[in-house]
Amino acid sequence: MLRWLAELPAGSGFLELVQASLGRPLVPVPPAGQVEVPTATTILALKYREGVVVAGDRRAVEGFTVSSRDIEKVFPADSHSAIAIAGAAGPSLEVVRLFQTELEHYEKLENTSLSLEGKSNRLGQIIRANFAAALQGLVVLPLFAGYDLRRGEGRIFRYDVTGGRYEEAEFHADGSGGRDARAVLRRLWRPGLGREEAIRVALEALLDAAEVDLGTGGPDLVRGIYPVVATVDARGYRRVPDQEVAALVREILAAKGKGGEG
């Protein structure tokens, strides 16, 4: 057996396995004065009657330049949880892929899935492993949400750059437009929202954030680019079809008397 494999402590996960094989942290620390990298911006999650809604806009920026109009920031972590990304786009996407692989690795080894609490803790450990890179500006700030099969409810977790984990009771938004999105969520969220109501609230928050935050992209009706929205409930993770999102966006814009981005 390889020496690095034999020296791994008991209970090590996939992240430790990969780092031991490489002989270094998975995410290398960039030199001081690194070049600007694409940054994913506004993401949010809110509870509704059956579970949670997770959503994100589609814009990535490099300073004051739009680097992508259609980046995706919401992904399934596994069958009953979702992860949304804000921060440096490249490292954030790597964290998503690593987290997805970590959960699959655990399930194959143990023949069962981690509890939602365990998943949220493991994501915190992965973020903590990126801390040295975060000090150089490559910050990864995901939002994790899912349906807790043991408790029969949706749950939302946010993180800081050190991997600190905090559970939110109702909703949360992060990224450059997070403050503006949270203001809308505070105004419109209420207990017992239905699925379509919760999706509409999520879209209202993203659209309002896009009006005041340069880093947050609004809907592009010409190119057919809309926010990514997903729900997670007892039946699992499901992405809301673009046609449904588009119809709700048009209703919201019509109510505001606006036509959307070109």
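Refer to the structure printed above.
Here goes a summary of the coordinates provided. Small disclaimer: the values here were computed from a predicted structure and weren't measured. Once a new chain begins, its residue numbering starts again from 1 and follows that chain's sequence as written. For this predicted model, a pLDDT threshold of at least 70 governs which residues receive local features, and a threshold of 80 or more governs which side-chain atom pairs are given and counted, while totals over whole chains, interfaces and linings are taken from all residues. The side-chain values count all of the structure's non-hydrogen atoms but skip hydrogen atoms and water molecules.

Phi angles above zero are rare outside glycine, and Asn111 is one such case at about 60°. For the exposure calls, accessible area comes from a 1.4 Å probe over protein chains only, and a residue counts as buried if that area is under 20% of its type's maximum, exposed if over 50%, partly exposed in between. A relative accessible area of 71% places Asn111 in the exposed class.

Three or four residues apart is the spacing at which side chains of an α-helix point the same way, because the helix has 3.6 residues per turn. Helix length check: helix α3 (residues 89-110), at 22 residues, gives a terminal C-alpha distance of 32 Å against a target of 32 Å (1.5 Å per residue), a fit within 8%. A run of H or I in DSSP counts as a helix once it spans at least four residues, and a run of E counts as a strand once it spans at least two, with each numbered from the N terminus. Once α3 ends, the next one or two residues include Asn111, with phi positive near 60°. Helix span is expected to be 1.5 Å times the residue number reduced by one.

Taking 1.5 Å per residue, 14 residues should reach 20 Å; helix α4 (residues 116-129) reaches 20 Å between its end C-alpha atoms and fits that length. Taken together, the buried positions of α4 are Leu116, Gly118, Lys119, Ser120, Arg122, Leu123, Gly124, Ile126 and Ile127.

Another aspect to go through is the sheet that holds strand β2 (residues 43-47). The criterion for strand pairing is that DSSP finds at least two bridges linking the strands in question. With antiparallel pairing, the five strands of this open sheet are ordered in space as β12-β2-β3-β13-β14. On the outer flanks of this sheet lie β12 (171-174) and β14 (236-239), each paired with one strand and no other. Across the sheet, the axes of successive neighbouring strands diverge by a mean angle of 15°, strand direction being ignored. Relative to β12, helix α6 (residues 178-188) is tilted by about 160°, and along the sheet it contacts β2 and β12. Helix axes are fitted only over the stretch in contact, all axes being lines through C-alpha atoms; the angle between N-to-C directions runs from 0 to 180 degrees. We call two residues contacting when some pair of their heavy atoms lies within 4.5 Å.

Turning our eyes to something else, we now look at the pattern of salt bridges. Should a side-chain nitrogen of Lys or Arg be within 4 Å of a carboxyl oxygen of Asp or Glu, the pair is scored as a salt bridge. Taken as a whole and assessed by the stated rule, the structure comprises 25 salt bridges. Measuring nitrogen to oxygen at the nearest pair gives 2.7 Å for the salt bridge that ties Arg155 to Glu117. Here the residue Arg155 occupies a position in strand β10 (residues 153-159), and Glu117 occupies one in helix α4, the gap between them amounting to 38 residues. Look at Arg155 and you get buried, because its relative accessible area is 2%. Through salt bridges with shared partners, a single ionic network connects Glu117, Asp148, Arg155, Arg165 and Glu167.

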